[in-house]
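# Understanding the architecture of this molecule
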Amino acid sequence: LARSAGVPLVFYESPVNLPFQRAFHFMSEEDIARLQAFRATLIARMRADGMEVLDAPELPDDGFLDRAHLTPSGARAMAEQLHRYLSAALPPLRHRP
């Protein structure tokens, strides 16, 4: 629908805190392997269909506060990745008075 409407669409993958998942037994190694296989298949299909996919960033060891919330360093890593992507993908914005 986005393509037919001429609307750019980017999918952003959020990082998963696998160490937390493992430590608190939320996911088994089998679950993680299944998630990684599904993720790879889905992203490959989306790219084959011409969709833009921005992979989840590698976060530092202290990047997560808990299962899903980021620490300041994790948020900084995500922001830096988004900045690099947007800087490369978009034309510079002009300042309007």
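Look a little higher up for the structure.
The text that follows walks through the structure, step by step, so that each part is easy to find. No experiment lies behind these values; they were computed from the predicted model shown. Sequence positions are assigned chain by chain, starting from 1 and proceeding in written order. Whole-chain, interface and lining totals are the exception, using all residues; otherwise, since this is a predicted model, local features are given only for residues with pLDDT of at least 70 and side-chain atom pairs are given and counted only at 80 or more. Excluded from the side-chain calculation are hydrogens and water; included are all heavy atoms of the structure.

Here Thr71 is to be found in the loop between β2 (52-54) and α4 (72-89). Here Thr71 falls in the buried class, since its relative accessible area comes to 13%. Within the structure, the side chain of Thr71 is placed 2.5 Å from the backbone oxygen of Asp62, a separation counted as a polar contact. Under the rule applied, a polar contact is a pair of N or O atoms within 3.5 Å (in protein, one hydrogen donor and one hydrogen acceptor; residues adjacent in sequence only if both atoms are side-chain atoms). There is a polar contact of 3.1 Å between the side chain of Thr71 and the side chain of Ser73. Every residue pair with non-hydrogen atoms within 4.5 Å of one another is taken to be in contact. Apart from residues no more than four positions distant in its own chain, Thr71 is found in contact with Asp62, Gly63, Phe64 and Leu65. Think of it this way: any DSSP run of H or I at least four residues long counts as a helix, any run of E at least two long counts as a strand, and we number them from the N terminus. Partly exposed residues are those whose accessible area sits between 20% and 50% of the maximum for their type, while under 20% is buried and over 50% is exposed, using a 1.4 Å probe and protein chains only.

Moving on: helix α3 (residues 29-48). In a regular helix each residue adds 1.5 Å, so 20 residues correspond to 28 Å; α3 covers 28 Å between its end C-alpha atoms and thus fits that length. Along α3, the positions that sit buried rather than exposed are Ile32, Ile43 and Met46. Within α3, the buried residues cover an arc of 65° as seen down the axis, which keeps them to one side. In α3, the exposed positions that point more than 90 degrees away from the buried face belong to Glu30, Phe38, Thr41, Arg45 and Ala48. On its buried side, α3 packs onto β1 (10-12), α2 (18-23) and β2. Once α3 finishes, Gly50 follows within two positions and takes phi at roughly 85°, a positive value. To estimate how far a helix should extend, the number of its residues minus one is multiplied by 1.5 Å. The arc refers to the directions leading from the helix axis to the C-beta atoms.

Right, let's get into unusual backbone geometry. The phi angle at His25 is positive, at roughly 60°, despite the residue not being glycine. Here His25 is to be found in the loop between α2 and α3. Its relative accessible area of 71% is what places His25 among the exposed residues.

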